[in-house]
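# Reading the structure
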There are 2 protein chains.
Amino acid sequence: MYAQCDVLYEGRAASTLETGNYLIIHKGDGSIQIQAGDKTMPRNYQGSGATLERREHILISRRKSETLTITIHKIHQIVYLPNWSVAEITIVRTEKDLVNKLFKNWIDYIDGDFEMVKTEFPTSLGPVDLAGIEVDDHHHLVEVKRGNISIQNISQLNRYVSAVRDAGKVVSGYIASPKIGCRARAYCESLGFRYLLLDF
Amino acid sequence: MYAQCDVLYEGRAASTLETGNYLIIHKGDGSIQIQAGDKTMPRNYQGSGATLERREHILISRRKSETLTITIHKIHQIVYLPNWSVAEITIVRTEKDLVNKLFKNWIDYIDGDFEMVKTEFPTSLGPVDLAGIEVDDHHHLVEVKRGNISIQNISQLNRYVSAVRDAGKVVSGYIASPKIGCRARAYCESLGFRYLLLDF
DNA sequence: TTATGGATTTCGTGG
DNA sequence: CCACGAAGTCCATAA
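Calculation rules
Residues numbered from 1 in each chain as written. Chains lettered and ligands numbered in written order. Predicted model: local features only at pLDDT ≥ 70, side-chain atom pairs only at ≥ 80, totals over all residues. Heavy atoms only, no water. Pairing = 2+ DSSP bridges. Helix = DSSP H or I, 4+ residues; strand = E, 2+ residues; numbered from the N terminus. Axes fitted to C-alpha atoms, helices over the stretch in contact; angles between N-to-C directions. Salt bridge = Lys/Arg side-chain N within 4 Å of Asp/Glu carboxyl O. Buried < 20%, exposed > 50% of the residue type's maximum accessible area, 1.4 Å probe, protein only. Domains from an automatic or database assignment. Near = heavy atom within 4 Å. Polar contact = N/O pair within 3.5 Å; in protein donor to acceptor, adjacent residues only side chain to side chain. Nonpolar A, V, L, I, M, F, W, Y, C, P; charged D, E, K, R; others polar.

Moving on: the sheet that holds strand E9 (residues 114–123) of chain B. All names here are of chain B. Pairing is mixed across the open sheet formed by five strands, whose spatial order is E9-E10-E11-E13-E15. The open sheet terminates on both sides in strands that have one partner only, identified here as E9 and strand E15 (194–197). Each strand axis lies, on average, 30° off the axis of its neighbour in the sheet, ignoring direction. Both strand E10 (residues 126–134) and strand E11 (residues 139–144) contribute to a ladder of four bridges, which runs antiparallel. Residue pairing for E11: Ala 131 is matched across the bridge by Leu 141.

Quick look at the structure:
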């Protein structure tokens, strides 16, 4: 529906959208979004499973503890979209692809006498992407990223390494990605971790 | 445009969307998105500043190193939205609101003989939300979150505290938010930080 | 249902 | 233009 309307949101936060002409999209899964004339993200939205109620010229979408109230002032156009597809996209070059590449070519990247290599290796502070365990129990933990490495990513690796170290293991830490900036690189080295260039 | 089409994406990653009926939204800022019949997020998209080129029944949207290729098989409907508004929403209960509340009521939350309190206090590993500096140079760093505290949030605070500590200061760390889980709480205390209940 | 982390995250701000 | 961090992030997955 393309309409002149205003929108109130009340839930985790609260927001108001002034009266204007917006595109309101309501889908079969209950999700609803109010799109304005620029940017990708909707101004307001409600996720799958929301329920829509109509009271005169007011639309109310509820979901858990969140409420979206759309006051319609003038309907410009209503369009129904028959047989709207719900196919998913197939995507490549994700982080998972990089993890698999490193997993299959482990010995090309990391030296050691390995007993096993695991993905999603659990630590007390969350799972690390890859872990290689040597016969002498030396742990090699690798955190993989598909994009540029940030300081936060190094921090995340540090968390996992600390967790396993606190569990009494000898640990080496690695961050692997196609790119890293000099700031993150410096932080990486200051914590004693190694950077692995890993691309698609 | 509501059309039967398929979509190819090539850029940071690459994806294919099988032929189906999708809603294609092209906005005045150049952004474009392909919406399917469920979920809030578009299946494919291109941000502001993209350029759209038409070659027969193929649409090509380019932006930096990214290309979206939409092959139109059958146009079901084309709709123009005149006077589409670009108003922004006004939102409350953001992290900024919480930071301001703590800034204005600092003494109600943190004990000490403070010389100054600053927001966005710079450290060598990024800016921390709030920093109070006592007359004896003791630094109190506070990271604020609007939602539930995660282990990552504690890790972020740890990064800032470490940075200032490495600069030779005496530092206390605090995480402030309306909510915290027991796992994050335990990690917080294990690092010697304090949790501040701070809500709207 | 909650928690944890990825994402073509998007978006805003500041350097 | 990059770099960094918030977001009502959304979203999938595992516990």
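This part covers the pattern of salt bridges. Summed over all chains, the structure comprises 22 salt bridges over all chains. In this structure, the salt-bridge partner of Arg43(B) is Asp38(B), at a minimum N-O distance of 2.7 Å. Given a relative accessible area of 16%, Asp38(B) falls into the buried group. Salt-bridge contacts for Lys101(B) lead to Asp199(B); the nearest nitrogen and oxygen are separated by 4.0 Å. A residue pair is termed long-range when its members are at least 10 positions apart, and Lys101(B) in helix H1 (residues 95–104) and Asp199(B) in the segment after E15 qualify at 98 residues. The exposure class assigned to Lys101(B) is partly exposed, which follows from its relative accessible area of 28%. Exposure remark for Asp199(B): the relative accessible area of 35% places this residue in the partly exposed category. Here the salt bridges do not stand alone but share partners, grouping Asp38(A), Lys39(A), Arg43(A) and Glu88(B) into one network.

Attention now goes to the domain arrangement of chain A. It is common to give the size of an interface as the accessible area lost on bringing the parts into contact. Along its sequence, chain A is carved into domain 1 (2–77) and domain 2 (95–197). One C-alpha centre belongs to domain 1 of chain A, the other to domain 2 of chain A; they are set 44 Å apart.

The next point concerns the protein's contact with DNA strand D. Within the structure, DNA strand D sits among 25 residues, and Asn44(A), Tyr45(A), Lys39(B), Thr40(B) and Lys145(B) are positioned closest to it. Here DNA strand D approaches the protein such that, of its atoms within 4 Å, sugar and phosphate make up 78%. Glu143(B) is positioned with one of its side-chain polar atoms (N or O) 3.2 Å from a phosphate oxygen of DNA strand D. Taken together, the residues that form the surface near DNA strand D break down as nine nonpolar, seven polar and nine charged.

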